[in-house]
Every structure is written in structure tokens, then in C-alpha cells.
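# Fold and contact review
For reference, the chains in residue letters:
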Amino acid sequence: MANVATTNNDSLLLTECSSGFRSRRVVEKSLIIASARTNNTAPARIMADLIQNETGIYGVFVAPCNGKVLRITANGTPFADMAAGGSVTAKLTKAVIGGTDVDLCSTIAIGDATVPTLDTAIDAVLSTTAGALDLLNGQHVYLTVAVSNHAVDTAVAYVTIAMEWLPTA
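The sections below set out a description of the structure shown in this document. Predicted model, so just to flag it, every value in this text is computed and none were measured.

In terms of regular secondary structure, the protein is built from one helix and 13 strands. The helix and strand sequence of the protein, counted from the amino end, reads α-β-β-β-β-β-β-β-β-β-β-β-β-β. By sequence separation, contacts in the protein at least 24 residues apart represent 76% of the contacts at least 6 residues apart. When the accessible surface of the protein is summed, it comes to about 8800 Å², and 55% of that surface belongs to carbon and sulfur atoms.

Structure follows, in C-alpha cells:
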């Protein structure tokens, strides 16, 4: 059977639900956050993706077809425990060729001096700007994570940022 594009978003959901299932299309990126890359004694991690006073930009997704972002979440084991005044933030953005990149959600606090509860997912507040959550075939979505210039008190095994999306064409 050939792969046929669905042009009616509602009919796709109805077809899936009437069959007794709903496909969840989730893409994710996991990161290790630590105080330094000097050794593997906590709070340091040699293979840390990010350490104190670093900002990382990571490719997360290239849309295989037109789509719509449904949800963005973060979870961690644990989230980053920072010294007083410290913060770790994450944000997903879609790249716009020939235009200004568009944030898909508000900034997500994935670490500070009073870290969120272990294994409690944080739902990002999605953009309410018209068309901001629509993806075009081939459009890139990237993640920006910023660690402030404060001590990371506990090495983070991983923090995962996930985006659920739905094909629209």
C-alpha cells in the first residue's frame, strides 16, 4: 500500500480512534547537566552536555510533512539543582527560512535553587500567536538550553524535552 498524505486532520484522528488506538508522535532530546567535565564524581560529569555558564542549541526535529505542535513537556531525573540565584531554562523554536525564528512555547524552568519534584513532568505554555504551532514540510525545530553562571549542586542524569505533534497534510 502506498503512503498517502492525509489532508483532513479530523478524519485521521477519527480513523485512529475508531480503530481503538491513537498514534502519538513524540520527538525528544535528553541532556546531561553538571557542574564541570573534570571527572565522574557528582556533581561533575565528563560527558555532560552542558555545564555552568553554557548555552546549548540542539536540533530536535525536521518535519517530515506539514504538522501541528500539540504539546511540549520537560522531565528530569532530577531537574538541575542550582545554587541560590541559579537557573536552567529550555525553549523549543522553529526555524523560519527568510524570516525570524518563532518560539513554540514559553521558556521552561528545568532547574533552580528549589528544583521541581523528581519525575514530575512540566508542561510548557504553548505559543498563542496565530500559526506559530504550524509546521511546514522540512521545517527544523531546535532546542535552546541555558545554564546560568551559578554552581550546579547535583549532577543531572538527564533532562528530557519532548514535543508531541500531529501531521496535517
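Text resumes after the structure shown.
With that out of the way, let us pick up the packing of aromatic side chains. Taken as a whole, this structure holds one aromatic pair when the rule is applied. Aromatic side chains F61 and W165 sit 5.1 Å apart centroid to centroid with 50 degrees between the ring planes, which places their arrangement in the tilted category. On the criterion of sequence distance, the pair formed by F61 in strand β3 (residues 55–62) and W165 in strand β13 (residues 156–167) is long-range, its members being 104 residues apart. In terms of burial, F61 and W165 fall into one category: buried.

A separate point is the layout of surface pockets. In this structure, the largest pocket spans a volume of roughly 180 Å³. Forming the walls of the largest pocket are 14 residues, and the residues nearest its centre are R24, V26, R71, T73 and A162. Contributing elements (two or more residues each) for the lining of the largest pocket: β1 (25–34), β4 (67–76) and β13. Class assignment for the residues of the lining of the largest pocket results in seven nonpolar, three polar and four charged.

Turning next to the pattern of salt bridges. Applying the stated criterion across every chain, the model contains four salt bridges. The residue D134 makes a salt bridge to K68 at a minimum N-O spacing of 3.2 Å. Pair noted here: D134 is in strand β10 (residues 134–135) and K68 is in strand β4, with a separation of 66 residues, a long-range link. With a relative accessible area of 32%, K68 lands in the partly exposed category.

Mapped onto the fold, V147 is located in strand β11 (residues 140–147). Linking V147 and I51, residues 96 residues apart in sequence, is a C-alpha distance of 6.8 Å. Non-local contacts of V147, meaning those with residues more than four positions away in its chain, are made with I33, L50, I51, Q52, N53, E54, M82, S87, V88 and V152.

Residues V141, L143, V145 and V147 point to one face of β11 and are all buried, whereas H140, Y142, T144 and A146, pointing to the other face, are not buried. Inspection of the sheet shows β3 paired to β11 by seven bridges, in the antiparallel sense. Opposite G56, over in β11, you have V145 as the bridge partner. Both strand β6 (residues 87–94) and β11 contribute to a ladder of seven bridges, which runs antiparallel. By the bridge assignment, K91 is partnered in β11 with T144.

Thresholds, definitions, all that
Residues numbered from 1 in each chain as written. Predicted model: local features only at pLDDT ≥ 70, side-chain atom pairs only at ≥ 80, totals over all residues. Heavy atoms only, no water. Helix = DSSP H or I, 4+ residues; strand = E, 2+ residues; numbered from the N terminus. Contact = heavy atoms within 4.5 Å. Areas by Shrake-Rupley, 256 points an atom, 1.4 Å probe, with all protein chains shown as cover. Phe/Tyr/Trp six-rings, centres within 6.5 Å; stacked < 30°, edge-to-face > 60°. Buried < 20%, exposed > 50% of the residue type's maximum accessible area, 1.4 Å probe, protein only. 1 Å grid on protein atoms, 1.4 Å probe; cavity = no way out; pocket = protein on both sides within 12 Å on 5 of 7 lines; lining within 4 Å. Points joined across faces, edges and corners; volume = space filled by probe spheres on them. Nonpolar A, V, L, I, M, F, W, Y, C, P; charged D, E, K, R; others polar. Salt bridge = Lys/Arg side-chain N within 4 Å of Asp/Glu carboxyl O. Pairing = 2+ DSSP bridges.

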